[in-house]
Amino acid sequence: MATPPGPAATPDLLRKMLATRPAADTPLGARDRALLLIGFGAALRRAELVGLALGDVVAVAGKGLQVTIRRSKTDPHGAGQLVAIWANPAEPSCCPLAAWQAWMGFRREAADFCGGASDAELPLFVGLSKAGRASGLQLSDKAVWRLVRVAAQDAGLEGWERFSGHSLRAGLATAAGEAGADLAQVMRQTRHRSAEVAMGYLRPAEIWRQNPTKRIWDRQPSVPTD
């Protein structure tokens with residue numbers, strides 16, 4: 001049986017990690033939140049997350065974010081894959097749409113942003129100067145690993161040293177299974193090619209669904225008759 005590597009950053013843990021980040025109205029805080037929430041919501045690998053261009057993430061009114069993944073481990077020829085992330089307006093501090101909008105406010109101030117059609121090809125996640133100004137330099141995938149690990153450490157999560165960029169992807173898959181998503185739905189979001197790998201995230205929830213022991217205990221005991 002395939003076992004997901006490392007801890008999964010499930011929603012409750014993700015909230016604790018987000019709470020450790022700088023304020024959402026600062027460049028670093030806005031970028032950290034967008035990285036964590038988009039990485040989680042789209043179940044992205046590290047390279048996929050930092051490889052996003054400005055034009056790859058768009059807001060869809062009344063829904064959330066639509067993410068285009070141009071090239072990935074499961075799409076090496078670049079056919080492109082679309083993933084949807086619903087907004088979470090009831091919880092602004094944990095809303096992918098709000099986090100993306102906040103980061104875009106700072107990203108548009110970078111020197112490489114000109115306001116034209118060519119901006120769509122610019123990297124979405126870039127470095128920051130000491131003064132907090134966005135550069136035009138794309139982040140490395142190691143930056144995602146460092147962010148997740150530091151956020152887990154700062155949140156005091158057990159086993160924080162084992163958290164990595166993959167924890168966001170694993171967290172989405174695990175949470176989806178616990179929420180009742182079936183294998184096809186999880187694979188559509190995570191873009192796993194192997195059903196066996198995807199099932200590794202679903203099995204902990206699956207063993208409780210339609211479990212025969214629940215039906216046994218739910219049956220009313222028979223009342224003995226005289």
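Treat the numbers as computed from the prediction; the structure is a model and nothing was measured.

Engineer: Can you break down the sheet that holds strand 2 (residues 64-69) residue by residue, with the values?
Structural biologist: Within the open sheet, the 3 strands sit side by side as 1-2-3. Their pairing is antiparallel. Each edge of the sheet is formed by a strand with only one pairing partner; in this case those strands are strand 1 (57-60) and strand 3 (81-86). Averaged over all neighbouring strand pairs, the angle between strand axes comes to 25°, with direction disregarded. Note that strand 2 and strand 3 share 6 bridges and pair antiparallel. When the bridges of strand 3 are listed, Gly-64 appears paired with Trp-86.

Engineer: I'd like to hear about unusual backbone geometry, residue by residue, with values.
Structural biologist: At Ala-43, a residue that is not glycine, the phi angle is positive and equals roughly 50°. Note that Ala-43 resides in the loop between helix 2 (27-41) and helix 3 (46-50). We classify Ala-43 as buried; its relative accessible area is 0%.

Engineer: Now, about the packing of helix 6 (residues 166-178) against helix 7 (residues 183-190): what can you tell me, with residues and values included?
Structural biologist: Following both chains from N to C, one finds helix 6 and helix 7 inclined at 160°, their axes separated by 10 Å at the closest point. By the angle between their directions, the pair helix 6 and helix 7 is classed as roughly antiparallel. Considering the relative orientation of helix 6 and helix 7, their crossing is right-handed. Judged by residue contacts, Arg-169, Leu-172, Ala-173 and Ala-176 of helix 6 engage Val-186, Gln-189 and Thr-190 from helix 7. Classifying every residue of the contact of helix 6 with helix 7 gives 4 nonpolar, 2 polar and 1 charged.

Engineer: Quick one: what's the story with the pairing of strand 5 (residues 134-138), residue by residue and with numbers?
Structural biologist: Of the pairings in the sheet, the one linking strand 4 (residues 126-128) to strand 5 comprises 2 bridges and is antiparallel in character. Directly across from Val-126, in strand 5, lies its bridge partner Gln-138. Adjacent in sequence and paired antiparallel, strand 4 and strand 5 are bridged by 5 residues, among which Gly-132 carries a positive phi angle near 90°.

Engineer: So what about the nonpolar core? Which residues, and what values?
Structural biologist: Judged by nonpolar contacts, the single largest core of 49 residues is most densely connected at Ile-38, Leu-52, Trp-103, Leu-124 and Phe-125. Looking at this core, the elements with two or more residues in it are helix 1 (11-19), helix 2, helix 3, strand 2, strand 3, helix 4 (96-107), helix 5 (141-154) and helix 6. Top element by residues in this core is helix 2. It accounts for 7 residues. Residues in contact with Leu-52, not counting those within four places in the same chain, are Ile-38, Leu-44, Val-57, Val-67, Thr-68, Leu-122, Pro-123, Leu-124 and Phe-125.

Engineer: Tell me what's going on with helix 7, and back it up with residues and numbers.
Structural biologist: Among all positions in helix 7, only Val-186, Met-187, Gln-189 and Thr-190 are buried. For helix 7, the angular spread of the buried residues around the axis is 165°, confining them to a single face. Exposed side of helix 7, more than 90 degrees from the buried face: Ala-184 and Arg-188 are the residues found there. Directly beyond the C-terminal end of helix 7, a positive phi value near 65° is found at Arg-191.

Engineer: Any chance you could break down the packing of helix 2 against helix 4 for me, citing the residues and the numbers?
Structural biologist: Taken N-terminus to C-terminus, the directions of helix 2 and helix 4 make an angle of 140°; their axes are 8 Å apart at the nearest point. Accordingly, the angle class assigned to the pair helix 2 and helix 4 is oblique. Relative to helix 4, helix 2 is oriented so that their crossing is left-handed. Counted together, Pro-27, Ala-30, Arg-31, Arg-33, Ala-34, Leu-37 and Ile-38 of helix 2 and Pro-96, Ala-99, Trp-100, Ala-102, Trp-103 and Phe-106 of helix 4 form the full contact between these two elements. Across the contact of helix 2 with helix 4, the residue classes break down as 11 nonpolar, no polar and 2 charged.

Engineer: Please set out the pattern of salt bridges residue by residue, giving values where relevant.
Structural biologist: Summed over all chains, the structure comprises 9 salt bridges. Between Asp-154 and Arg-21 there is a salt bridge, and its shortest N-O distance comes to 2.8 Å. On the criterion of sequence distance, the pair formed by Asp-154 in helix 5 and Arg-21 in the loop between helix 1 and helix 2 is long-range, its members being 133 residues apart. Residue Arg-21 is classed as buried on the basis of its relative accessible area of 12%. Where Arg-70 meets Glu-121, a salt bridge forms, and the shortest distance between an N and an O atom there is 2.9 Å. One end of the pair, Arg-70, is in the loop between strand 2 and strand 3; the other, Glu-121, is in the loop between helix 4 and strand 4, and 51 residues separate them in sequence. Via salt bridges that share partners, Asp-12, Arg-15 and Glu-91 belong to a single interconnected network.

What counts, and where the lines are drawn
- Residues numbered from 1 in each chain as written.
- Predicted model: local features only at pLDDT ≥ 70, side-chain atom pairs only at ≥ 80, totals over all residues.
- Heavy atoms only, no water.
- Pairing = 2+ DSSP bridges.
- Helix = DSSP H or I, 4+ residues; strand = E, 2+ residues; numbered from the N terminus.
- Axes fitted to C-alpha atoms, helices over the stretch in contact; angles between N-to-C directions.
- Buried < 20%, exposed > 50% of the residue type's maximum accessible area, 1.4 Å probe, protein only.
- Parallel < 35°, antiparallel > 145°, perpendicular 65-115°, else oblique.
- Left-handed = near helix turned anticlockwise from the far one by under 90°.
- Contact = heavy atoms within 4.5 Å.
- Nonpolar A, V, L, I, M, F, W, Y, C, P; charged D, E, K, R; others polar.
- Core = buried A, V, L, I, M, F, W, Y, C linked by side-chain atoms within 4.5 Å.
- Arc of directions from axis to C-beta.
- Salt bridge = Lys/Arg side-chain N within 4 Å of Asp/Glu carboxyl O.

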